[in-house]
Amino acid sequence: MTRAFSPISVFCLLSHVALAHSRTLASFVFRLPVHPESLVGEPAVVKAYDLKTVTLEELKAPLVSDFRMRLNAEGPVEGFCGWFDTDFHGSEEMPVAWPSTLSTAPDETGATHWGQQLFQVSPNLWGKAGDEIRCEFEMRRRKDNQRLLEIDMRYGVVGSGEGEARVRYVIE
């Protein structure tokens, strides 16, 4: 299974009221379908697991990752889009006739019921095509409820853009 993020522009997804309150919404996570045309950068793998060998302890441990995403266009980055892909390629012991991948990536048809997780960025980052967003990411289970997550992110544009931010997201 692979967890991925991609920088996106979400202007079309937010109402005028939400834009007026963007500072309040900065640490909110939204689950909604994202259209591929909203993506303004290349996805990055945050964490990959081998489902044949991963242990429960590994899955319960905080997920810590540093990664970079390259921007494809100039403009604002208003959030990060998260999703997962799971490969079913079999093994030597259990080969499959038709390897397949379950992807919850943004799709024009809204292909899965999982949708994507949208992590809003406020204030917006600004970058140009070819710039990279550098991100330090930590996700852990909340102490008050192990089924809920808490995410700390530190991110900034490397290249022509400016700014760096740190934010905590709480997923309920």
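Residues numbered from 1 in each chain as written. Predicted model: local features only at pLDDT ≥ 70, side-chain atom pairs only at ≥ 80, totals over all residues. Heavy atoms only, no water.

Undergrad: A description of the overall build of the chain should follow, citing residues and the corresponding values.
TA: When you go through the chain residue by residue, the secondary structure sums to three helices and ten strands. Ordered by position from the N terminus, the helices and strands of the chain form the series β-α-α-β-β-α-β-β-β-β-β-β-β. Split into buried and exposed, the 172 residues of the chain put 36% on the buried side. In the chain, of all internal contacts separated by at least 6 residues, the share reaching a separation of at least 24 is 70%. Of the accessible surface of the chain, which amounts to about 10400 Å², a share of 53% is contributed by carbon and sulfur atoms. (Helix = DSSP H or I, 4+ residues; strand = E, 2+ residues; numbered from the N terminus. Buried < 20%, exposed > 50% of the residue type's maximum accessible area, 1.4 Å probe, protein only. Contact = heavy atoms within 4.5 Å. Areas by Shrake-Rupley, 256 points an atom, 1.4 Å probe, with all protein chains shown as cover.)

Undergrad: Mind laying out the nonpolar core, listing which residues take part and the relevant values?
TA: Judged by nonpolar contacts, the single largest core of 22 residues is most densely connected at F67, F80, L125, I133, F137, M153 and Y155. Looking at this core, the elements with two or more residues in it are strand 3 (44-48), strand 4 (63-70), strand 5 (75-88), strand 7 (116-127), strand 8 (132-141) and strand 9 (149-158). (Core = buried A, V, L, I, M, F, W, Y, C linked by side-chain atoms within 4.5 Å.)

Undergrad: Now, about the side chain of D131: what can you tell me, with residues and values included?
TA: Mapping D131 onto the fold places it in the loop between strand 7 and strand 8. Of the buried charged residues, D131 lacks a salt bridge, with K128 as the closest side chain of opposite charge at 7.1 Å. Within the local environment of D131, its side chain forms a polar contact with the backbone nitrogen of K128, the two atoms lying 2.8 Å apart. (Lys, Arg positive; Asp, Glu negative; His and termini not counted. Salt bridge = Lys/Arg side-chain N within 4 Å of Asp/Glu carboxyl O. Polar contact = N/O pair within 3.5 Å; in protein donor to acceptor, adjacent residues only side chain to side chain.)

Undergrad: Tell me about the environment of A61, residues and numbers included.
TA: Tracing the sequence through the fold places A61 in the loop between helix 3 (56-60) and strand 4. A residue is classified by how much of its surface remains accessible, and A61, at 34% relative accessible area, is partly exposed.

Undergrad: Any details on the pattern of salt bridges? Residues and values, ideally.
TA: Think of it this way: side chains of opposite charge can pair up when their charged atoms draw near. A complete count under the given rule lists seven salt bridges for this structure. Across the pair E132 and R70 runs a salt bridge whose closest N-O atoms are separated by 3.3 Å. You can see E132 sitting in strand 8 and its partner R70 sitting in strand 4, a full 62 residues away along the chain. With a shortest N-O distance of 3.3 Å, R140 and E150 are connected by a salt bridge. Separated by ten residues along the polypeptide, R140 in strand 8 and E150 in strand 9 bring together distant segments of the chain.

Undergrad: Can you break down the environment of P76 residue by residue, with the values?
TA: You can see P76 is positioned in strand 5. P76 sits 47 residues away from P123 along the chain, and the two C-alpha atoms are 9.7 Å apart.

Undergrad: I'd like to hear about the pairing of strand 5, residue by residue, with values.
TA: As paired elements, strand 5 and strand 7 share seven bridges and run antiparallel to each other. Note on strand 7: the bridge partner recorded for C81 is L118. (Pairing = 2+ DSSP bridges.)

Undergrad: Residues and numbers for the environment of H113, please.
TA: Inspection of the secondary structure puts H113 in the loop between strand 6 (100-103) and strand 7. With 81 residues separating them in the primary sequence, H113 and L32 have C-alpha atoms 9.6 Å apart.

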